[in-house]
Amino acid sequence: EPEGVAHFDAIAADYSAQWSPHVWDLLLQRKLSMLVASLGDPAVIGAGIDLGCGLGLQTAEIRRRGYRVIGVEPSVGLLRHRPDRTGNVVAGDALRLPFPDQSLAFVYVIGVLHHLPGRDAQTEALAEVARVLRPGGLLLVHESNPRNPLFRFYMTYLFPILKSIDEGTEWWIHPDRWQSVPQMSLVDIRYFTFLPDFIPRALMAPVLGVERLLERGPTYPYSAHYFAVLRRGSDADDARASSSAPVSGPATIR
């Protein structure tokens, strides 16, 4: 069992209760809108995976929009508690994806990579994603933004006290690091939401108004979340990169 999976197995029965429904619904719709805009026509894009699908909520919603998606999740406990039992899911590990080379059109990873046990594990997972993506395939990543010092403090110290999802030992990924992922090129990166989970439903409307102003202003790169889109290079690109790589080895995310 991969490191950290036991934590999610232990909280699986109460996982959905960790989120305020009004905040979760808002984030879900915003994330899905960015996924759909990046993937394009579901009849054209081909099949992909929801890596670290958890309870499968995003998996089910993206399927309803016509995409062919398999959920992959190392926590069997979370898979057993998913509310939507339709569609395919696999108990799988990000470091050993159970798919052939260059077999997928896209992989999306929502709030998952910071749970892997260290930078080496993140690098291994991204190499696995590159292996299973076909040339031109897309990697879509949603992560919390450590560039925002207040949000980083909240996620590292306060959120683990208030909720059971994070433990305060997560490995946050700075958005600048997506510019140097082996075999991948950064296509786009978008920043969104300053909205913390503890906002009461009654205050949502005014807070959302302030949030939209912040997202349109100079504070945009300091949003609480970011969404990165990367494209897998061709085999020729891989060969050129390998021939020009330094002796010290490939770049890693830090």
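The notes below deal with the structure included here.

Reading the values: rules and limits
Residues numbered from 1 in each chain as written. Predicted model: local features only at pLDDT ≥ 70, side-chain atom pairs only at ≥ 80, totals over all residues. Heavy atoms only, no water. Core = buried A, V, L, I, M, F, W, Y, C linked by side-chain atoms within 4.5 Å. Buried < 20%, exposed > 50% of the residue type's maximum accessible area, 1.4 Å probe, protein only. Helix = DSSP H or I, 4+ residues; strand = E, 2+ residues; numbered from the N terminus. Contact = heavy atoms within 4.5 Å. Pairing = 2+ DSSP bridges. Axes fitted to C-alpha atoms, helices over the stretch in contact; angles between N-to-C directions. Phe/Tyr/Trp six-rings, centres within 6.5 Å; stacked < 30°, edge-to-face > 60°. 1 Å grid on protein atoms, 1.4 Å probe; cavity = no way out; pocket = protein on both sides within 12 Å on 5 of 7 lines; lining within 4 Å. Points joined across faces, edges and corners; volume = space filled by probe spheres on them. Nonpolar A, V, L, I, M, F, W, Y, C, P; charged D, E, K, R; others polar.

Judged by nonpolar contacts, the single largest core of 29 residues is most densely connected at Leu51, Val107, Leu113, Leu139 and Trp178. At the level of secondary structure, the elements contributing two or more residues to this core comprise strand E1 (48-51), strand E4 (104-110), helix H6 (119-132), strand E5 (133-144), strand E6 (184-192) and strand E7 (225-232). For this core, the element with the highest residue contribution is H6, accounting for 6 residues. Filtering out sequence-adjacent residues up to four positions away, leucine 51 remains in contact with Val72, Ala94, Leu97, Val107, Tyr108, Val109, Ile110, Val112 and Val129. Listed in part, the 25 residues of the second largest apolar core include Val23, Ile45, Phe106 and Phe192.

Turning our attention to the sheet that holds E4. Read across the sheet, 7 strands follow the order E3-E2-E1-E4-E5-E7-E6 without closing on themselves; strand pairing throughout is mixed. Lying at the two open borders of the sheet, with one neighbouring strand each, are strand E3 (89-90) and E6. Looking at chain direction, strand E2 (residues 69-72) and E3 are connected through 2 bridges and run parallel. Looking across to E3, one finds that glycine 71 is bridged to valine 89. Against the sheet, helix H4 (residues 57-64) makes contact with E1, E2 and E4, and its axis sits at roughly 180° relative to E2, the strand it touches most.

Right, let's get into the packing of aromatic side chains. Counted by the stated rule, this structure contains 4 aromatic pairs. Centre to centre, the rings of tyrosine 191 and tyrosine 220 are 5.3 Å apart; their planes meet at 85°, and the pair counts as edge-to-face. Of this pair, tyrosine 191 sits in strand E6 while tyrosine 220 sits in the loop between helix H8 (204-216) and E7, and the two are 29 residues apart along the sequence. Assessed through its relative accessible area of 27%, tyrosine 220 is described here as partly exposed.

So, about the environment of alanine 105. Relative to the elements of secondary structure, alanine 105 occurs in strand E4. Using a relative accessible area of 3% as the deciding quantity, one classes alanine 105 as buried. Measuring from C-alpha to C-alpha, the distance between alanine 105 and glycine 48 comes to 5.5 Å, with 57 residues separating the pair along the chain.

This brings us to empty space enclosed by the protein. On inspection of all chains with the given rule, the structure shows 1 cavity of 30 Å³ or more. Computed from the structure, the largest cavity encloses a volume of approximately 50 Å³. Tallying contributions element by element places H4 first for the lining of the largest cavity, with 3 residues. For the lining of the largest cavity, the class distribution of residues is 3 nonpolar, 3 polar and 3 charged.

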